[in-house]
Amino acid sequence: MLIKFIKKIVAKKNNRKIALRKAFRLSLDQYIDKNYEGDDLVQAEPMPTPCAAPSDSIPDACAAPSAPMQDTPAMLSASSSAPEPKTHKKFSGFRSEAKESYTESCFEDMEDSLCASSYDEKVEELERKLGERLLHTSDTFSEYLMYLIESKGMKNSDVYKRAMVDKRYFSKIKNTKDFHPEKIKALCLCIGAKLNLDETKDLLARAGYALSPCDLTDIIFSFFIEHEHYDLIDIDIQLEEHGLECIIG
């Protein structure tokens, strides 16, 4: 039964990897088509040589225009109808995006000022959470994990399935107060319980671990946790892409 489950997970991972690579190629091609001008660039024509001082032989480029001056308005109208340069369009788009972002931030600030009356309620909520956290300062890894799962209203089964941890292993953690898991298992359980970065650091510390900025596995897990992307298959793909040991077989 376990072997069948592992095979199913490995097949799902392989399918996801192919899909992610196809999506990456597609997005990259679209980006190149949109931004890279390549052979479409036209070499600018050289500027005419400035006219020399008047002499007996006047160059053709400096000769008086043979065409009558009334043709000038037609030339101006033709130049005004020329297409807008691509770079101008690009920067115009950037400006409109910046303006939209600025407008949204203004509305957000307005909402914050309107919600100032709820400040006391927020403070009370923070004090309640702090008091609750202080009650668990002496918790072991097992006790604190169970507390976090309960406080988030999660089911144990959902946590160990998302963490890809065996049910018996999870039961051992739950029923053994001083259980000391491997670091990779602890990281997987952080994903399974959908912990934020602070909760992850706190839980790992209770097992004697820390997130290292020099460890590539820790960095990948931190990145996914920070961006609230709790999918071990995607994490495993990134571990494999960076030449690290995979979680899934």
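Rules of the game
- Residues numbered from 1 in each chain as written.
- Predicted model: local features only at pLDDT ≥ 70, side-chain atom pairs only at ≥ 80, totals over all residues.
- Heavy atoms only, no water.
- Axes fitted to C-alpha atoms, helices over the stretch in contact; angles between N-to-C directions.
- Helix = DSSP H or I, 4+ residues; strand = E, 2+ residues; numbered from the N terminus.
- Parallel < 35°, antiparallel > 145°, perpendicular 65-115°, else oblique.
- Contact = heavy atoms within 4.5 Å.
- Phe/Tyr/Trp six-rings, centres within 6.5 Å; stacked < 30°, edge-to-face > 60°.
- Buried < 20%, exposed > 50% of the residue type's maximum accessible area, 1.4 Å probe, protein only.
- Left-handed = near helix turned anticlockwise from the far one by under 90°.
- pLDDT = per-residue confidence, 0-100.
- Core = buried A, V, L, I, M, F, W, Y, C linked by side-chain atoms within 4.5 Å.
- Salt bridge = Lys/Arg side-chain N within 4 Å of Asp/Glu carboxyl O.

S.K.: What should I look at first to understand the packing of helix α8 (residues 183–192) against helix α10 (residues 216–226) in this one?
M.R.: Each pair of packed helices can be described by the angle between their axes along with the distance between the axes. Axis separation between α8 and α10 bottoms out at 11 Å; the angle between their running directions is 10°. Overall, the two elements α8 and α10 adopt an arrangement that is roughly parallel. The residues of α10 that touch α8, namely those facing K183, I184, L187, C188, C190 and I191, are T217, D218, F221 and I225.

S.K.: Whenever I open this one, the packing of aromatic side chains confuses me. Can you help?
M.R.: Each pair of aromatic rings is reported with the distance of its centres and the angle of its planes. Following the criterion strictly, the structure yields 4 aromatic pairs and no others. Plain terms: the ring middles of Y144 and Y147 are 5.6 Å apart, the flat faces sit at 40° to each other, and that makes the pair tilted. With Y144 and Y147 both in helix α5 (residues 141–151), this residue pair falls 3 residues apart, about one helical turn. Of the two residues, Y144 and Y147, neither departs from the other in class, the shared state being buried. Plain terms: the ring middles of Y169 and F179 are 5.5 Å apart, the flat faces sit at 90° to each other, and that makes the pair edge-to-face.

S.K.: What am I meant to see in the packing of α8 against helix α9 (residues 197–205) here?
M.R.: Running from N to C, α8 and α9 point in directions that differ by 145°, and their axes come no closer than 10 Å. Here α8 and α9 pass one another in a crossing that is right-handed. Listed contacts from α9 to A186, L187 and C190 of α8 are T200, L203 and L204.

S.K.: Got a minute to help me understand the confidence of the model for the protein chain in this structure?
M.R.: Reading fine detail from the predicted coordinates is not recommended where pLDDT is low. Averaged over all residues, the pLDDT of the protein chain equals 73, while 55% of them reach at least 70. Highest mean pLDDT in the protein chain belongs to α8 (97); lowest belongs to helix α2 (residues 72–80) (45). Note that residues 61–82 has pLDDT below 50 and, in this model, 2 contacts with residues that lie over four places away or in other chains. With pLDDT under 50 throughout, residues 85–92 is counted as low confidence; its partners more than four residues away or in other chains account for 5 contacts.

S.K.: I tried to follow the nonpolar core on my own but got confused; where do I start?
M.R.: Soluble globular proteins tend to pack their nonpolar side chains together in the buried interior. Core analysis: the biggest nonpolar cluster contains 34 residues, and F141, L145, F170, L189, F221 and I235 have the highest contact counts within it. Of all the elements in the fold, those that place two or more residues in this core are α5, α6 (156–162), α7 (167–175), α8, α9, α10 and α11 (232–241). At 7 residues, α5 tops the list of elements feeding residues into this core. When near neighbours in sequence (up to four residues on either side) are disregarded, F141 contacts I173, F179, P181, A186, L189, L203, R206 and A207.

S.K.: Is there a simple way to explain the pattern of salt bridges in this structure?
M.R.: Any two side chains of opposite charge can pair, on the condition that their charged atoms come close. This model, assessed by the stated rule, comprises 6 salt bridges. Its salt-bridge partner being R206, residue D202 comes within 3.2 Å of it at the nearest N-O pair.

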